Amino acid sequence: MVGLPYDCLANPLGAVRFTFEKAIASGADPAALNGKDWGAGDLFRDVLFDQGALSQVPVVNAKNIGHVQPNTLVRFRGMIQDMLGNEFYAGAYKDGSLWRTNKYRDVSQFPMGSSPDMHIWERHLLYCIQVPGLNPWADTSSGTVVARPVGQTSQHGEKRRRADNEDIDQMDIETSEDGVQRSSGVKKLREDGHAYQNLRLPEPVAETTGFGACTMPREEGDSLSCLIKVYDSSDSELKLNDVFEFVGVLTFDSDYQVDNDEFLDSFSEDMLASLPLNKVPRLHCLVHRKLTAHDFLHSTPLELKPHLVKEARETLLSHLTAILGNDGLAAHLVLLHLLSRVHARIDNFAVGKLSVNLTCFNKESVSIFGDHLTLAIKDLLPFSLIVPLTVDHLNAASLAPKKDYERNRLVSGLMQLAEGTHLTIDETQLEVGTLNSVGVDNARLLKYLSEYQKVEYDFKYYKMEVAADFRLLILSEGKSNIFPADLVIPFRPSSVSSGRVVAAEALEAWRWYLATVRSLSHSIDSDMQKVVENDLVAARQANRNLSSQDFSRLLTMGRLMSLSFGETSLSLEHWHMVKELERLRWERFA
């Protein structure tokens, strides 16, 4: 097989140029290529996935971003924090007799002039951040970037490669003291007067998703935000708060500076003015994919076999029982809680959620058992956060994302999180105090989140409900008044765990188990439906206080119990196990 005349990893723009020229030579009309892939996307999907080159593409983070060569191929994993609408740019133009493209570029490589042979295309703009609550074991970002030698290409493609080196933007390449090649091309293009030939005309807010504003980059030194430019994708593929991996061409210049007066005169109305190139890198996306819990596992997902599920369930349940002071009932319910997810919505009710409120905690016990439990959850799930609830925190925290109309931005809130995030709420620190207006709003927001799995985004003049799927675990002294949990259980430990070290193989097996069985579908056959209905009728006759929400919770527990064994249909044995757990739970209130 003849080698490719370019290096897709080190010189992706060369590959784009090659496929564009090939498409034009084959008779493609540049006017018809807006929003269409002329072969570049297919090429990169083949190289990355079919040929297995994805692992060679570095994952950028705040630590290595300064060492990444510009215009090379990188990966960025993050959450879509805001959707900025569309950007128009000169997608195809004639340079003499040759057609050229600005796709996957910030600026034009060659002067475009005012030729009528120019076609305006559009691309989607996304502002992405590191996933909030991303746990260290799930962070696959590379600590260093392996620089690919410039000459690493096929022998027959050497001449073409030298031409494509010019295609790496005709930029001046400067070598810093650390030996890393950096580009001053963006600044030079500005000085030559060709910097903003592409038209930056973001659509009005009313024509975008409704969240049409960007938020300023976060200040954490160990996290990285990125402006993603997406091509050839429909709006339905990308949603706010989804977690994606974007593979594309990186543009970033930490030394870039611009004359303030020139900048303001040219872009006072530009929503990207607050995202300068030396602060927020751009990534021109060639390939993207939505990530699931399986994508954060270190090992290849195993086949779902009964003996593997049984072993993982038994060992994980034993581990949870140990860290919860030998409270087996609490451990069983926490396991079901970890497997829960919203799988349907009927009217305003989120079907599948199972929030748990462990009571009888105090400041001393939460520092032992609570810490052990939250550390265990941190080792098991890719995203988790701990919220120490105090009056001061409620009165000051910005929980809901808010629209800033003066700057036309959506300002992120603490409750703007990715689907599947686990929240541990520590109410033992909540003491008597007075809530101000902010505290009242925050308490109402948290209660609404617990009841309906929705977060209210604050648009000043109105509230917008955004569906969520967070697993809520509340640790409190008495029953929580802020979080109406689905399950309330008094915590009864009988021993203190020694905090044993868990083997890495066991942790990886538990992560695979939770990610796999949680994603399974589930059903109840007609015979079991009759059994469940008869049992629920009998339960209602015995206790008139039972509500439809109690029945829904029992069905959810039955579903989760079956899934915990890797089964997708409710059996009589598992239904009896749920009823026994419920009986033991009620005994603790006697």
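Residues numbered from 1 in each chain as written. Predicted model: local features only at pLDDT ≥ 70, side-chain atom pairs only at ≥ 80, totals over all residues. Heavy atoms only, no water.

Note the cut-off: UniProt positions are given in the numbering used here, feature names are shortened, and annotations may be inferred rather than shown by experiment.
Under an unreviewed UniProt entry, the name given to the protein chain is Mini-chromosome maintenance complex-binding protein, and the source organism is Rhodamnia argentea. Quoted verbatim from the Subcellular location (unreviewed entry) field of UniProt, the annotation for the protein chain is "Nucleus".

As for the overall build of the protein chain
Formally: Helix and strand definitions here come from DSSP, where helices need a minimum of 4 consecutive H or I residues and strands a minimum of 2 consecutive E residues; each element is numbered from the N-terminal end. Exposure was quantified through the Shrake-Rupley algorithm and a 1.4 Å probe, taking into account, for residues, occlusion by the shown protein chains and nothing else.
Each helix and strand in the protein chain was counted, giving 14 helices and 19 strands. Accessible area for the protein chain stands at about 27,000 Å²; split by element, carbon and sulfur atoms hold 51% of it.

Observations regarding the packing of aromatic side chains
Note the cut-off: Stacked, tilted and edge-to-face are the three classes assigned to paired rings of Phe, Tyr and Trp, where Trp is represented by its six-membered ring and a pair needs centres within 6.5 Å; plane angles under 30 degrees give stacked, over 60 edge-to-face, the rest tilted. A 1.4 Å probe rolled over the protein chains alone gives each residue an accessible area, and that area as a share of the maximum for its type sets the label: buried under 20%, exposed over 50%, partly exposed in between.
Counted by the stated rule, this structure contains 13 aromatic pairs. Ring plane angle 85° and centroid distance 6.0 Å describe the contact between Tyr89 and Tyr231, whose orientation is recorded as edge-to-face. Taken as a pair, Tyr89 in strand β1 (residues 73–95) and Tyr231 in the loop between β6 (226–230) and β7 (243–251) lie far apart in primary sequence, 142 residues in all. Comparing Tyr89 with Tyr231 shows no difference in burial state: the two are buried. Here Tyr448 and Tyr452 contribute two aromatic rings whose centre-to-centre distance is 4.8 Å and whose plane-to-plane angle is 50°, an arrangement assigned as tilted. Of this pair, Tyr448 and Tyr452 are both found in helix α10 (residues 437–452), four residues apart, which corresponds to roughly one turn of the helix.

Some thoughts on the nonpolar core
So the rule is basically this: Only buried Ala, Val, Leu, Ile, Met, Phe, Trp, Tyr and Cys residues count toward a nonpolar core, and they belong to the same one when joined by side-chain atoms within 4.5 Å. The contact definition used throughout considers only heavy atoms, calling two residues in contact when any of these lie within 4.5 Å.
Ranked by internal contacts, the top residues of the largest apolar core, which has 71 residues, are Leu358, Tyr513 and Leu514. The biggest single contributor to this core is helix α7 (residues 328–339), with nine residues. Contact partners of Tyr513, with chain neighbours within four places excluded, come to Val309, Ala312, Arg313, Leu316, Leu335, Leu339, Arg518 and Ser564.

Observations regarding the pairing of strand β2 (residues 98–101)
The two faces of a sheet get side chains in turn, since along a regular strand they alternate between them. Note the threshold: Being paired, for any two strands, means DSSP has found at least two bridges between them.
Note that β1 and β2 share four bridges and pair antiparallel. Its bridge partner being in β2, Ala92 is matched across the sheet by Thr101. If you look at the hairpin formed by β1 and β2, you'll find two residues sitting between the two strands, and Gly96 has a positive phi there, around 75°.

Details of the side chain of Ser562
Tracing the chain through its elements places Ser562 in helix α13 (residues 548–564). Ser562 gets classed as buried once you look at its relative accessible area, which sits at 0%. Setting aside residues no more than four positions away along its own chain, Ser562 makes contact with His522, Glu567, Ser569, Leu570, Ser571 and His574.

Section: a nonpolar patch on the surface
Rule in force here: By definition, no residue in a patch forms a salt bridge, and every one has over 30% relative accessible area; like charges are joined within 9 Å, nonpolar side chains (Val, Leu, Ile, Met, Phe, Trp, Tyr) within 5 Å. What counts as a salt bridge is simple: a side-chain nitrogen of Lys or Arg found within 4 Å of a carboxyl oxygen of Asp or Glu.
Judged by side-chain polarity, Tyr405, Tyr461 and Tyr462 come together as a nonpolar surface patch covering roughly 370 Å² of accessible area. With respect to the helices and strands, Tyr462 occurs in the loop between β16 (454–458) and β17 (463–467).

Remarks on the pattern of salt bridges
Counting across every chain of the model gives 27 salt bridges. Close ionic contact of Asp232 with Lys103 constitutes a salt bridge, the shortest N to O distance being 2.8 Å. Residue Asp232 is found in the loop between β6 and β7, and its partner Lys103 is found in the loop between β2 and β3 (118–129); the two are separated by 129 residues along the sequence. Close ionic contact of Arg553 with Asp550 constitutes a salt bridge, the shortest N to O distance being 3.5 Å. Within this pair, Arg553 and its partner Asp550 are both found in helix α13, separated by three residues, close to a single helical turn. Relative accessible area serves as the criterion here: at 6%, Arg553 is assigned to the buried category. Linked by salt bridges that have partners in common, Arg75, Arg77, Glu245, Arg289 and Asp295 make up one network.

Concerning α10
Rule in force here: By this rule the span expected of a helix is its residue count minus one, scaled by 1.5 Å. Think of a polar contact as two N or O atoms within 3.5 Å of one another; within protein, one of them needs to be a possible hydrogen donor and the other a possible acceptor, and neighboring residues in sequence only count if both atoms come from side chains.
The end-to-end C-alpha distance of α10, which contains 16 residues, comes to 22 Å, matching closely the 22 Å that a straight helix rising 1.5 Å per residue would cover. Residues of α10 that are buried include every one of Gly439, Asn442, Ala443, Leu445, Leu446, Tyr448, Leu449 and Ser450, and no others. Those residues of α10 that are buried lie in contact with α9 (391–396), β16, β17 and β18 (471–475). For α10, the side-chain oxygen to backbone nitrogen distance between the N-cap and Val438 is 3.0 Å, and the N-cap itself is Asn436. Positive backbone phi, approximately 50°, marks Gln453, located one or two places after α10.

Things to note about unusual backbone geometry
Glycine aside, the phi torsion of most residues is negative, and most peptide linkages are trans. In this structure, Asn71 is a non-glycine residue whose phi angle is positive, near 65°. Within the fold, Asn71 resides in the loop between α2 (40–50) and β1. Take Asn71: its relative accessible area is 5%, and that puts it in the buried class.

What about the sheet that holds strand β19 (residues 487–490)?
Applied cut-off: For helices, the fitted axis covers only the stretch in contact; all axes are lines through C-alpha atoms, and the angles between them, taken along N-to-C directions, range from 0 to 180 degrees.
Read from one edge of the open sheet, five strands run β12-β15-β18-β11-β19, paired in parallel fashion. Of all strands in the sheet, those with a lone pairing partner are β12 (384–388) and β19, marking the two edges. Between one strand axis and the next, the sheet turns through 15° on average, direction left out of account. Relative to β18, strand β11 (residues 356–359) runs parallel, the two being bridged by three bridges. By the bridge assignment for β18, Leu358 is matched with Leu475.

Re the confidence of the model for the protein chain
To keep it simple, the criterion reads: How sure the predictor is of each residue is captured by pLDDT, a score from 0 to 100.
Residues of the protein chain with pLDDT of at least 70 account for 81%, and the chain-wide mean is 81. Ranking the elements of the protein chain by mean pLDDT puts helix α4 (residues 185–192) last with 31 and α7 first with 98. With pLDDT under 50 throughout, residues 142–221 is counted as low confidence; its partners more than four residues away or in other chains account for 193 contacts. A low-confidence stretch, residues 258–269 stays under pLDDT 50, and its non-local contacts, those more than four residues away or across chains, total seven contacts.

Quick look at helix α8 (residues 363–380)
To be explicit about the condition: In this scheme, the bend at a residue equals the angle between the axes fitted to the seven residues that finish there and the seven that begin there.
Along its 18 residues, α8 runs 25 Å from first to last C-alpha, staying within 8% of the 26 Å computed at 1.5 Å per residue. Remark: the principal bend of α8, roughly 30°, maps to Gly370. Those residues of α8 lying buried are Ser365, Val366, Phe369, Gly370, Leu373, Thr374, Ala376, Ile377 and Leu380. Its side-chain oxygen placed 3.0 Å from the backbone nitrogen of Glu364, Asn362 serves as the N-cap of α8.

Some remarks on the pairing of β11
Neither face of β11 is left uncovered, since the one carrying Val356 and Leu358 and the one carrying Asn357 and Thr359 both have all their residues buried. Where β11 lies against β19, four bridges are found, and the strand directions are parallel. Its bridge partner lying in β19, Val356 is registered against Leu487.

Section: the environment of Asp426
Inspection of the secondary structure assignment puts Asp426 in strand β15 (residues 422–426). Using a relative accessible area of 11% as the deciding quantity, one classes Asp426 as buried. For the pair Asp426 and Ile474, spaced 48 residues apart in the sequence, the C-alpha separation amounts to 6.2 Å. Once you skip the residues sitting within four places of it in the chain, Asp426 turns out to touch Val366, Val387, Pro388, Leu389 and Leu475. Among the polar contacts listed, one links the side chain of Asp426 to the side chain of Thr428, at a separation of 2.5 Å.

Concerning the packing of α7 against helix α11 (residues 504–518)
Heads up, the condition is: Classification used: nonpolar for Ala, Val, Leu, Ile, Met, Phe, Trp, Tyr, Cys and Pro, charged for Asp, Glu, Lys and Arg, polar for all others including Gly.
One can describe the packing of α7 onto α11 by two numbers: an axis separation of 9 Å at closest approach and a directional angle of 60°. For the pair α7 and α11, the contacting residues are Leu335, Leu338 and Leu339 in the first and Tyr513, Leu514, Val517 and Arg518 in the second. Across the contact of α7 with α11, the residue classes tally to six nonpolar, no polar and one charged.

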